[in-house]
Amino acid sequence: MKIHEYQAKKLLLDYGIPAPRGGVAATPEEARRIAGELAGQVVVKAQIHAGGRGKGGGVKPAAAPDEAETAARSILEMQLVTHQTGPEGKKVRKVLVEEASAIRKELYLSVVVDRSRGRECVVFMASEAGGMDIEQVAATAPEKIVKCAVHPAVGFSPFQARKLSASLGLDAGQSRQFAEIVRNLYRLFLEKDCSLVEINPLAITEPGQLLALDTKINFDDDGLHRHPEIRELRDPDEEDPLEVAAKNAAVNYIKLDGNVGCMVNGAGLAMTTMDLIKMAGGEPANFLDVGGGASAEQIEKAFRILTSDPNVKCILVNIFGGILRCDRVSAGLIQAAGKIDMKLPMVVRLQGTNVEEGRRMLQESGLRFTVADGLYEAAQKAVSLIGS
Ligand code: GDP
Ligand code: MN
């Protein structure tokens, strides 16, 4: 799960990591009021679940409250496009108005879970070359990013903070601040079950203090049941509406960019189905696992989710009836088709428990669909129906 910068900065402050004072606004007038309270220079920042806002025009300085209002007005009306949003961009609904800082230098600091490392999988990364071009640095000069893995049984040690800070060209006072920040960051990361905490830039301000000017925090969804206070930070506006509907219907759905809508039971079969669609020259529109215990109602909901994606041009139903019997799948499909005006071609492959009954129900339902016996055959038929 992702959260907004203004929420993430509150968490940093809770953990004793310095961040600028500020407030969040949904209207230009609110932005003006906050700027008035802060007094002096401010920065107005678009709040969306994506980075690269600076380069996209989503971060603007303002010298006075009326300038902050003007900046907020232009940002709040934006469909902000950054390298992380895709070409369609994201609608900005809130801005963060915070005290501006005079920046001497921009550092980079993050903690991530790096599964490729096995046991020592929590890794700190730091770089003297922080700021908006960090992706460029990672691609062309990776040696400028210093990494440090933490063994879970040993925990984070002060010498690791020294190793990181030695690479950043800090003076003695800044090194002490940095060690404190890293220690607190690790505490935050563990206690809140994060999967990523990134501070970029971690600025050295003009008086020489370290300050988190931007931050991004992601959480491990499997840890969220332990953190009601984090779950409250969820912003459904930032999530794909189809994925939200799927969560509510308890089906595992991930939207993708292709046009063959898939309805499958079991994650493994769903992955295989996607692979075979690709092999047949097509692109899957989604991953969808209706699960083993799905009811006819859940099948219907899944079907509605599938068909409300405008990219879907053909539906491939691939069910291996085990605990989820084929007749129940057919009942769900027939129930859904009765309620939705379905014009899309559909390929159905049913095998396993109660397959005869399931096929008979479909045959007698008057639904139009193409039958396939084999898995690859089903994928080929679905792809060719789109081509025709
Ligand atoms: P991002 O582009 O989405 O990562 O947004 P950031 O919050 O990192 O802002 C982008 C850039 O704006 C930063 O790298 C800074 O150079 C600049 N910036 C952000 N806040 C301030 C500030 O308070 N003062 C100054 N001078 N620059 C800032
Ligand atoms: Mn940033």
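The structure reproduced in this document is the subject of the present report. (Residues numbered from 1 in each chain as written. Chains lettered and ligands numbered in written order. Predicted model: local features only at pLDDT ≥ 70, side-chain atom pairs only at ≥ 80, totals over all residues. Heavy atoms only, no water.)

In this structure the tally under the stated criterion is 30 salt bridges. Its salt-bridge partner being Arg-73, residue Glu-29 comes within 3.3 Å of it at the nearest N-O pair. Taken together, the residues Glu-29 in helix α2 (residues 28-38) and Arg-73 in helix α4 (residues 65-76) connect sequence positions 44 residues apart. Residue classification places Arg-73 among the partly exposed positions, given a relative accessible area of 37%. The salt bridge involving Lys-339 is made with Glu-300; its shortest N-O contact spans 3.2 Å. Placement of the pair is Lys-339 in helix α12 (residues 326-339) and Glu-300 in helix α11 (residues 296-307), with a sequence separation of 39 residues. Since its relative accessible area comes to 52%, Lys-339 is described here as exposed. (Salt bridge = Lys/Arg side-chain N within 4 Å of Asp/Glu carboxyl O. Helix = DSSP H or I, 4+ residues; strand = E, 2+ residues; numbered from the N terminus. Buried < 20%, exposed > 50% of the residue type's maximum accessible area, 1.4 Å probe, protein only.)

Attention now moves to the state of the cysteines. Under the defined criterion, the tally for this structure stands at 0 disulfides. No disulfide involves Cys-262; its sulfur sits 9.4 Å from the nearest other cysteine sulfur, which is in Cys-314. (Disulfide = S-S within 2.5 Å.)

Next up on the list: the sheet that holds strand β6 (residues 95-99). Strand order in the open sheet formed by 4 strands is β1-β6-β2-β3, with antiparallel pairing between adjacent strands. What marks the edges here is a single partner per strand, and that holds for β1 (22-25) and β3 (59-62). Taken over all neighbouring pairs, the strand axes of this sheet differ in orientation by 20° on average, direction set aside. Pairing of strand β2 (residues 42-46) with β6, which is carried by 5 bridges, proceeds in the antiparallel orientation. Of the residues in β6, the one forming a bridge with Val-42 is Glu-99. The sheet contacts of helix α1 (residues 5-14) involve β1, β2 and β6, and relative to β6 the element is tilted by about 45°. (Pairing = 2+ DSSP bridges. Axes fitted to C-alpha atoms, helices over the stretch in contact; angles between N-to-C directions. Contact = heavy atoms within 4.5 Å.)

Geometric descriptors of this kind do not, in isolation, establish any biological role.
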